[in-house]
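A closer look at the structure
Listed below, chain by chain, are the residues.
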Amino acid sequence: MNDNNPLYIDEFFNDGGVFMGAKEKSENCTVGLYGVTYDGTTSFRPGTRFGPSAIREVSNGIETFCPQLNMDLEDLFFCDLGSLKIPTGAPEPIVEAVKNITHKLLNSNMKPLLLGGEHSITSGAVAATATFYSDLILIQLDAHADLREEWLGNKHSHACAMRRCLEVLPSKTLYQVAIRSGTKQEFEEINNQNRLVLHNSGKSASDLNRKLQQHREQPIYLTVDLDWFDPSVMPGTGTPEPGGFFWNDFASIVEVLRNYNLVAADIVELSPLLDHSGISSVLAAKVTRSLLMLLSQNS
Ligand SMILES: [Mn+2]
């Protein structure tokens, strides 16, 4: 908890308790979880600022044990630092603040896991992680390509998230898993650059597995835009896109990634007020549990 993390106490605020199973002190922790409550550029339906607190709140409703990974959160050394103090308004200072704090965590030997907030925060975390791991590659789960140069006059709009990430990623290696929405130009670029990873609901993640073979030792950043999931199981997101995926499809991705070196990740675009049933937040909490485990396993 914040009071026990003197290194970071000034940078975070207590934003609705802590994620289930988090250690009370950051000492000896290998993974640092933190929220970024920013939704300033959201073009359609805002509300992702409430994402981190919603995920924390429902986390106690799922088990600490994950049968798939055979790991228990109680056995892991991760802390929940709270949510990052950020200014209101333009995205640039927020992206910069995310970059700075992510850098501090990595400097303290903690792998970062960000809870958004909107997708525009990702480029700050990728920039910081890439300064630590120059051969970093990026994997994106998302309904949308997010490759626009700018959107509504804003270069840091969430519709430009991957364009900004590519600018700060020296390897320029981005894999976009089963993107199903974008412009003609975006899809041409994805295909020309061989970035599209095929993924069929109900099947194993064989194409991801095949494409990652050539990156055996490379550090991986995973960004999970929750609108990758189908709106029927993830209604709580600002830009829902029919034709999405289900929990078992995410589990197939995890099944591949458990054999690789995940060094940082984020989970973005949960907008809990759009889902009165609360199942979106529960799904997001379960995704968080899996990623905490993948980040912990090589530490
Ligand atoms: Mn998206």
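Residues numbered from 1 in each chain as written. Predicted model: local features only at pLDDT ≥ 70, side-chain atom pairs only at ≥ 80, totals over all residues. Heavy atoms only, no water.

1. Considering the packing of aromatic side chains
Counted by the stated rule, this structure contains six aromatic pairs. When the centroid spacing of 5.6 Å and the interplanar angle of 65 degrees are considered together, the rings of Phe12 and Tyr34 count as edge-to-face. Pair noted here: Phe12 is in strand β1 (residues 12-13) and Tyr34 is in strand β2 (residues 31-36), with a separation of 22 residues, a long-range link. For Tyr34, a relative accessible area of 0% puts it in the buried group. With 6.0 Å between their ring centres and 50 degrees between their planes, Phe229 and Phe250 make a pair best called tilted. Taken together, the residues span a long stretch of sequence, with Phe229 in the loop between β10 (219-225) and α7 (247-257) and Phe250 in helix α7 at a distance of 21 residues. (Phe/Tyr/Trp six-rings, centres within 6.5 Å; stacked < 30°, edge-to-face > 60°. Helix = DSSP H or I, 4+ residues; strand = E, 2+ residues; numbered from the N terminus. Buried < 20%, exposed > 50% of the residue type's maximum accessible area, 1.4 Å probe, protein only.)

2. Focus on the side chain of Thr37
Its place among the elements puts Thr37 in the loop between β2 and α1 (51-59). Those residues in contact with Thr37 that lie beyond four places of it in its chain are Phe13, Asp15, Arg49, Pro52, Ser83 and Ile86. (Contact = heavy atoms within 4.5 Å.)

3. Brief notes about the coordination of the manganese ion
Listed as protein donors to the manganese ion are Asp142 (OD), His144 (ND1), Asp225 (OD), Asp227 (OD) and Asp227 (OD); their distances from the metal cover 2.2 to 2.7 Å. By relative accessible area, which is 12% here, His144 ends up buried. (Donors = N, O, S within 2.8 Å, 3.2 Å for Na, K, Ca; no water.)

4. A short note on the pairing of strand β8 (residues 174-177)
A regular strand places its side chains so that they alternate between the two faces of the sheet. Residue alternation in β8 divides its side chains into two sets, Leu174 and Gln176 and Tyr175 and Val177, and both sets are buried. Following the backbone out of strand β7 (residues 137-141), through helix α4 (residues 161-167) and into the adjacent parallel β8, one traces a crossover that is right-handed. Between β8 and its parallel partner strand β9 (residues 196-197), the chain crosses via helix α5 (residues 184-192), and the hand of that crossover is right-handed. (Right-handed = clockwise from strand over helix to strand, strands pointing away.)

5. Structural notes on the packing of α7 against helix α8 (residues 279-296)
Viewed as axis vectors pointing N to C, α7 and α8 meet at an angle of 10 degrees, and their least axial separation amounts to 11 Å. Classified by the angle their axes make, α7 and α8 are roughly parallel. Contacts between α7 and α8 involve Trp247, Phe250, Val254 and Leu257 on the former and, on the latter, Leu283, Lys286, Val287, Ser290, Leu291 and Leu294. Here the residues of the contact of α7 with α8 sort into eight nonpolar, one polar and one charged. (Axes fitted to C-alpha atoms, helices over the stretch in contact; angles between N-to-C directions. Parallel < 35°, antiparallel > 145°, perpendicular 65-115°, else oblique. Nonpolar A, V, L, I, M, F, W, Y, C, P; charged D, E, K, R; others polar.)

6. Remarks on the nonpolar core
As a rule of thumb, soluble globular proteins bury nonpolar side chains together. Judged by nonpolar contacts, the single largest core of 53 residues is most densely connected at Leu212 and Leu291. Among the elements that line this core, the one with the most residues is α8, at nine residues. Discounting chain neighbours no more than four positions away, the residues touching Leu291 are Leu113, Leu222, Val224, Phe250, Ala265 and Ile267. By size, the runner-up hydrophobic cluster in this structure holds 34 residues, among which are Val98, Ala130, Leu147 and Val263. (Core = buried A, V, L, I, M, F, W, Y, C linked by side-chain atoms within 4.5 Å.)

7. A look at α7
With eight of 11 residues buried, α7 is to be regarded as a mostly interior element. Among all positions of α7, only Asp249, Phe250, Ala251, Ser252, Ile253, Val254, Val256 and Leu257 are buried. Of the surrounding secondary structure, the elements contacted by the buried residues of α7 are β7, β8, α6 (206-212), β10 and α8.

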